[in-house]
Amino acid sequence: MDELLPFTDEPPQGDGPARVRLLGTLASITFRNDDNGWTVARLETDESGERVTLVGAMPGVEEGDSVAVEGRWTQHPNFGRQLSVETCRVQLPSGRKGVVRFLGGGRIKGVGPATADKIVDALGLDVLSRLERNPELLHTVPGIGRAKAGAILEQLAEQRDSSDALVFLADLGLGPALSLRVWRLYKTDTVAMVRTDPFRLAEEVPGVGFRTADNLARELGHEPDSAYRVAAGLLHLLSQAALEGHVGLPSEELLERSAAFLEVNEQRVEQVFVETLEAGRLTEDELVYRPELLAAERDVAAAAARLLTRGRPPTDLAPAAAVARASSRLGFELADDQRAALELAIAAPLSVITGGPGVGKTTLVRAVVEVLEEQGCRLALAAPTGRAARRLAQATGRDAATLHRLLGLRPSGDFTPFMPQEQLDADVLVIDEVSMVDVTLMAVTLAALPETCAVVLVGDVDQLPSVGPGDVLAAFARSGVVPVARLTTVFRQAEGSGIVRVAHDWNAGRAPEFDVGDSGQAYWIERRDAASALQTLLTMATERIPQRFSLDPLRDVQVLTPMHKGPLGTVALNEALRARLNPPGKQKAELQRFGRTLREGDKVMQVKNNYDLDVFNGDVGVLTSIDEDASQACVDFEGRHVTYGLDQLDQLEPAFAITCHKSQGSEFPAVVLPLVMGQRMMLRRNLVYTAFTRAKQVLVALGETAALQRALSTVDTGTRHGRLAQRLAAAAGVEQDGPDGVVDPASEGLA
């Protein structure tokens, strides 16, 4: 136990400041994130007594600790010279002052400086070593009873166990924050568990993926075809498939993928696959599922079947009367397909309303709300994202919330269904932008409804499906069981819209006629390659569009792109657009965090739901201030100012350019969309259709004509595996045509 709490990070690559080693005492700790150990502290060096600032991952350290740190000097623009810590080892103290600080500085609950003095007086400066060999000695210290001695000894033992475990994990190459998470989860079982099955970390420790666990296993000498590794690989690939939108996979595909990924023969993979099924870690029902995803798919089908067979309509108002009242409340007549959709929504306990841009979905939702509210129904309005919920509230003049906030949902795992706090107190739930709702969120939403609550689902079935697993809206629509109303009439006010015209032509598979001249809305600019497309994009987004349409280039113009990588991916575009729209300046504070530089004035997007801050995945704002002294930053979300702790800034990503997927549920005054053949793997009709329909005032698509044509002709290469439609049909006793286990809207005539 010569050294405690060793933490090691990978050193930076390439040339840079020389690595230095300092010994000293932590004089003060000015900031610490207990979740990941990130710390700002002052070190009094042993050699000169100079005080220096330490910044980095140092979990578990306390003021007064003797430490050995290694790192590299950096120069902060506001705080001067700092040591960026790469390794930190807390060492056992040697002198009386250090021993008293170690025992009485807050690390051991119930031991303050006075008690620590007594212990050192009674047992000497080598008290820590003596107590490790003979714990009973603590009972001889005057004033320390048996119960208090037991509590102190238990904490000292945990300190030693923690030290051993963290030394073990550090030697395996695990970083400080992850090491701390592992210890907190497994405590005294850490070493034994990791030695036996390091792959459990990939399933149970946030931030540890399969590859990290695989590296640990290799260091520990596990065989490449060990049952632990193969089982973890199967689970990992099903998780990856879920990130691609699949609820499950055919067994043949899973086995083939796993053998190639693990570089293990398929016979061994199949053997472990059977064992994993028998152990209940995987389940098979036509497809192979993670258990939680199979449960979610079954739950959605069962809940929908209950609504359809035992639910009751929101009102018994006659259809003709409902249409008349809606027209009266709205002040105009509804179109034929809108009337049919209204009659369906008020008469069915579960219904789907779908349609493209300009066909009156918003008007129809208003009509449904007006009629049902007049009938005394208690309504709840919701959408998957904060932006979509705000749009729904503006359209209806009623309160609307995200599904998570409406139902009090808190995530309990990557693909584990959310847990509602209580059932929804409503007679009718109206959900907009349902194409964004994945199978797990739909499962818990339907589970939170009382038996008497009807559901109206609204969305565009031709848009991109949810980022998460499943294609719920398409599955409901193609099931042949759930009543569906499709709006197709393009209204007069939308007929003159170039954006609406182009979107409908595109969705129908017709080459759209883009506008020309100053009076248009939807433009195509041909460029010969990605380099020329990039230059045109930068000019359009930062100069031409803002000037022509009197728009703010930062807040009103949104660049969308199919991919993250490449010269026209989000990474490169964010750098290029930032250089134009928010270059560095003496008056702009900057902050290095999570591998990137944040700057005041940056356009950012929230990428996870934060219920405490009331910001949600997809919210876009501007970083208005960074205050390192106060350890906080502020983001302006369309006039609402939200304060973040500096340790929360990993929830923000640059948003000068975002992917088409990330744009779902949002609308922007202007959209710029690059399309080049370098993106060929992502070019699909529904992806581009989704991007087109995000624009409200102006749409500029630009790039290579071959890429535009490829996207138009590629109906859907992103077929998702799942059996929700089949389960819905089976629950209602309806035989469904088409391939089993595949969600493909195009094959059902929905695209």
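Residues numbered from 1 in each chain as written. Predicted model: local features only at pLDDT ≥ 70, side-chain atom pairs only at ≥ 80, totals over all residues. Heavy atoms only, no water.

In terms of strand pairing, strand S20 (residues 603-606) meets strand S21 (residues 620-627) through three bridges, oriented antiparallel. Looking at S21, one finds that Met605 is bridged to Val620. Sheet topology places S21 next to strand S22 (residues 632-637); five bridges connect them, and they run antiparallel. Across the sheet, Leu623 pairs through a bridge with Val635, a residue of S22. Counted between consecutive antiparallel strands, the loop separating S21 from S22 contains four residues, among which Ser631 sits at a positive phi close to 55 degrees. (Pairing = 2+ DSSP bridges. Helix = DSSP H or I, 4+ residues; strand = E, 2+ residues; numbered from the N terminus.)

Let us look at the sheet that holds strand S17 (residues 557-561). Taken in spatial order, the five strands line up as S16-S27-S26-S17-S25 in an open sheet, and their pairing is parallel. The open sheet terminates on both sides in strands that have one partner only, identified here as strand S16 (522-526) and strand S25 (657-659). Going across the sheet, the axis of each strand differs from the next one's by a mean of 25 degrees, ignoring polarity. For S17 and strand S26 (residues 668-675), the ladder comprises three bridges, and the chain directions are parallel. Residue pairing for S26: Val557 is matched across the bridge by Ala670. With respect to the sheet, helix H24 (residues 685-692) is in contact with S17, S26 and strand S27 (695-703), its orientation differing from that of S26 by roughly 150 degrees. (Axes fitted to C-alpha atoms, helices over the stretch in contact; angles between N-to-C directions. Contact = heavy atoms within 4.5 Å.)

We now examine helix H15 (residues 361-374). With 14 residues, H15 ought to run about 20 Å at 1.5 Å a step, and its terminal C-alpha atoms sit 20 Å apart, in line with that. Most of H15 is tucked away: 10 of the 14 residues are buried. Phi turns positive, to about 85 degrees, at Gly376, one or two residues after H15. (Expected span 1.5 Å × (residues − 1). Buried < 20%, exposed > 50% of the residue type's maximum accessible area, 1.4 Å probe, protein only.)

Direction vectors running N to C along helix H21 (residues 498-507) and H24 enclose 170 degrees, while the axes themselves pass 10 Å from each other. Relative to H24, H21 is oriented roughly antiparallel. Residue-level inspection shows Ile499, Val502, Ala503, Trp506 and Asn507 of H21 in contact with H24, the latter providing Arg685, Val688, Tyr689 and Phe692. Taken together, the residues of the contact of H21 with H24 break down into seven nonpolar, one polar and one charged. (Parallel < 35°, antiparallel > 145°, perpendicular 65-115°, else oblique. Nonpolar A, V, L, I, M, F, W, Y, C, P; charged D, E, K, R; others polar.)

This brings us to the domain arrangement of the protein chain. Splitting the protein chain by domain gives domain 1 (18-90), domain 2 (92-141), domain 3 (168-287), domain 4 (293-487), domain 5 (494-562 + 660-734) and domain 6 (584-655). Residue-level contacts link 36 residues of domain 4 with 31 residues of domain 5. When the two sides are added together, the surface that domain 4 and domain 5 hide from each other amounts to roughly 2600 Å², 59% of it contributed by carbon and sulfur. Together, Glu297, Pro357 and Leu464 form the three largest contributors to the area buried by domain 4 at its contact with domain 5, with a combined 26%. For the pair domain 4 and domain 5, the number of links is two salt bridges. Top contributing element to the side of domain 4 that touches domain 5 by residue count: helix H12 (residues 291-310), with seven residues. (Domains from an automatic or database assignment. Buried area = accessible area lost by both parts, 1.4 Å probe. Salt bridge = Lys/Arg side-chain N within 4 Å of Asp/Glu carboxyl O.)

Glancing now at the nonpolar core. In this structure, Leu457 and Phe476 are the most contacted members of the largest nonpolar core, which totals 47 residues. If one sorts the elements of this core by residue count, H12 sits on top with eight residues. Excluding its chain neighbours within four sequence positions, the residues that come into contact with Phe476 are Val300, Ala304, Leu350, Val352, Leu457, Val482, Val484, Leu724 and Leu728. Trp506, Leu673, Leu675 and Phe692 belong to the second largest nonpolar core, which has 32 residues in total. (Core = buried A, V, L, I, M, F, W, Y, C linked by side-chain atoms within 4.5 Å.)

Below, the discussion takes up the sheet that holds strand S8 (residues 283-285). Strand order in the open sheet made by the three strands is S7-S9-S8, with antiparallel pairing throughout. At either end of the open sheet lies a strand with only one pairing partner, and these are strand S7 (248-249) and S8.

This part covers helix H18 (residues 439-447). Burial analysis of H18 places eight of its nine residues in the buried class, which makes it a mostly covered element. Three or more residues of H18 are buried, namely Val439, Thr440, Leu441, Met442, Ala443, Val444, Thr445 and Leu446. In this structure, the buried side of H18 is in contact with H12, helix H17 (403-407), strand S13 (428-431), strand S14 (454-459) and helix H19 (472-478).

Time to look at the packing of aromatic side chains. Where two aromatic rings form a pair, the distance of their centres and the angle of their planes describe that pair. Under the defined criterion, the tally for this structure stands at six aromatic pairs. Summarising the aromatic geometry, the rings of Phe514 and Trp524 are spaced 6.3 Å apart at their centres and angled 35 degrees between planes, so their arrangement reads as tilted. Taken together, the residues span a long stretch of sequence, with Phe514 in the loop between H21 and S16 and Trp524 in strand S16 at a distance of 10 residues. Neither Phe514 nor Trp524 differs from the other in exposure class; each is buried. Ring geometry for Phe514 and Phe692: centres 6.3 Å apart, planes at 90 degrees, overall edge-to-face. Remark: Phe692 occurs in helix H24 and Phe514 occurs in the loop between H21 and S16; sequence separation between them is 178 residues. With relative accessibility at 19%, the residue Phe514 sits in the buried group. Taken together through their ring pairs, the aromatic side chains of Trp506, Phe514, Trp524 and Phe692 make up a single cluster. Over the ring of Phe549 we find Arg548, and its NZ or CZ is 4.9 Å from the ring centre. (Phe/Tyr/Trp six-rings, centres within 6.5 Å; stacked < 30°, edge-to-face > 60°. Lys NZ or Arg CZ within 6 Å of the ring centre and 35° of its normal.)

In this structure, Val111 sits in the loop between helix H1 (96-104) and helix H2 (113-123). Taking the relative accessible area as the measure of exposure, Val111 reaches 6% and is therefore buried. Taking the C-alpha atoms as reference, Val111 lies 69 Å from Val715; in sequence the two are 604 residues apart.

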